[in-house]
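Spelled out from the first residue to the last, the chains are:
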Amino acid sequence: DNKGWTAWHLACINGQTETAQLLIQSSKDFGIDLNAKHNGGWTGLHYACYHGQTETDQVLIKSSKESGIDLNAKDNIGRTALHCACQLGQTETAQSLIKSSKEFGIVLNAKDDSGWTALHWACGNGRTETAQLLIQSSKEFGIDLNAKDNIGSTAWHLACGNGQTETAQLLIKSSKDFGIDLNAKDNNVWTALHGACRFGLTETAQLLIKSSNDFGIDLNAKDDYGRTAWH
């Protein structure tokens with residue numbers, strides 16, 4: 001249609017799993033493009049994951065090798081289906097992708113055009129349950145919890161810089177067991193506390209201060225100009 005949606009997209013968007021399965025089975029004989037992209041670059045898998053259609057998602061994953069469905073396809077700004085699931089906090093769908101990653105070659109540390117991973121999206125949007133899933137799966141599935149985006153920000157920076165206090169608390173509590181760097185610095189040599197204070201996110205800053213002794217958060221870290229969060 002005018003937005004670039006095919007019938008395949010609509011089956012995936014609405015979780016019409018039986019219909020999606022029919023289209024997959026018919027794709028080779030009838031030339032149905034299972035990797036078709038709409039105007040924004042989204043495939044059927046992007047839509048299934050964005051809308052939390054886990055049952056449909058699983059059918060696409062399991063059929064991918066035989067039918068050639070690209071599980072790592074990127075949209076016009078570089079997002080994969082996993083990015084979309086984590087952006088919206090579709091935890092069950094994200095879990096399906098993670099569990100299938102080794103067998104089906106799903107890249108869990110893929111970065112979009114801004115350098116954001118799925119964890120960046122989950123933490124920046126305050127999707128605490130989904131962030132917890134990614135953290136708990138990190139050792140078994142090799143998810144990088146300290147990945148940096150194009151300006152050097154980690155998911156920890158985004159949680160604090162966006163005032164996602166609940167998610168920040170999860171990252172703090174998980175930091176020792178999972179090696180999350182709470183003193184990571186971005187390209188401006190800012191810590192997460194710099195960001196929280198710069199944007200007046202008092203609740204988040206208060207959490208960092210109260211957690212500093214137990215978790216080694218440096219409250220006096222300086223940027224390239226010698227500025228602390230207090231400045």
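The paragraphs below set out a description of the structure included in this document.

Looking at the packing of aromatic side chains
Phase 1 of the analysis: Here the structure, examined in full by the defined rule, presents four aromatic pairs.
Phase 2 of the analysis: Taking the centre distance of 4.8 Å and the plane angle of 70° together, the rings of W116 and W121 count as edge-to-face.
Phase 3 of the analysis: Among the aromatic side chains, those forming a connected cluster through ring pairs are W5, W42, Y47 and Y50.
Phase 4 of the analysis: Over the face of the ring belonging to F104 we find K65, whose NZ or CZ atom lies 5.0 Å from the ring centre.
Phase 5 of the analysis: Stacked on the ring of F141, the Lys or Arg K102 has its end atom at 5.1 Å from the ring centre.

What to know about helix α10 (residues 165-178)
Phase 1 of the analysis: Taking 1.5 Å of rise per residue, 14 residues should cover 20 Å, and α10 covers 19 Å from first to last C-alpha, within 8% of that figure.
Phase 2 of the analysis: At I172, α10 is deflected by roughly 25°, the largest bend along its length.
Phase 3 of the analysis: Among all positions of α10, only T165, T167, A168, L170, L171, I172, S174 and S175 are buried.
Phase 4 of the analysis: One or two residues past the end of α10 sits G179, with phi positive at roughly 70°.

Topic: the side chain of H194
Phase 1 of the analysis: Locating H194 in the fold gives a position in helix α11 (residues 192-198).
Phase 2 of the analysis: Other than its neighbours up to four places away in sequence, H194 contacts V189, A221, K222, D223, R227, T228 and A229.

Some points on the nonpolar core
As a rule of thumb, soluble globular proteins bury nonpolar side chains together.
Phase 1 of the analysis: Of all hydrophobic cores here, the largest spans 54 residues; its most connected members are W8, W156 and L208.
Phase 2 of the analysis: For this core, the element with the highest residue contribution is helix α8 (residues 128-141), accounting for five residues.
Phase 3 of the analysis: Residues contacting W156, with those up to four places away along its chain left out, are A168, L171, I172, D181, L182, A192 and L208.

What counts as what
Residues numbered from 1 in each chain as written. Predicted model: local features only at pLDDT ≥ 70, side-chain atom pairs only at ≥ 80, totals over all residues. Heavy atoms only, no water. Phe/Tyr/Trp six-rings, centres within 6.5 Å; stacked < 30°, edge-to-face > 60°. Lys NZ or Arg CZ within 6 Å of the ring centre and 35° of its normal. Helix = DSSP H or I, 4+ residues; strand = E, 2+ residues; numbered from the N terminus. Expected span 1.5 Å × (residues − 1). Bend = angle between axes of the 7 residues up to and from the residue. Buried < 20%, exposed > 50% of the residue type's maximum accessible area, 1.4 Å probe, protein only. Contact = heavy atoms within 4.5 Å. Core = buried A, V, L, I, M, F, W, Y, C linked by side-chain atoms within 4.5 Å.

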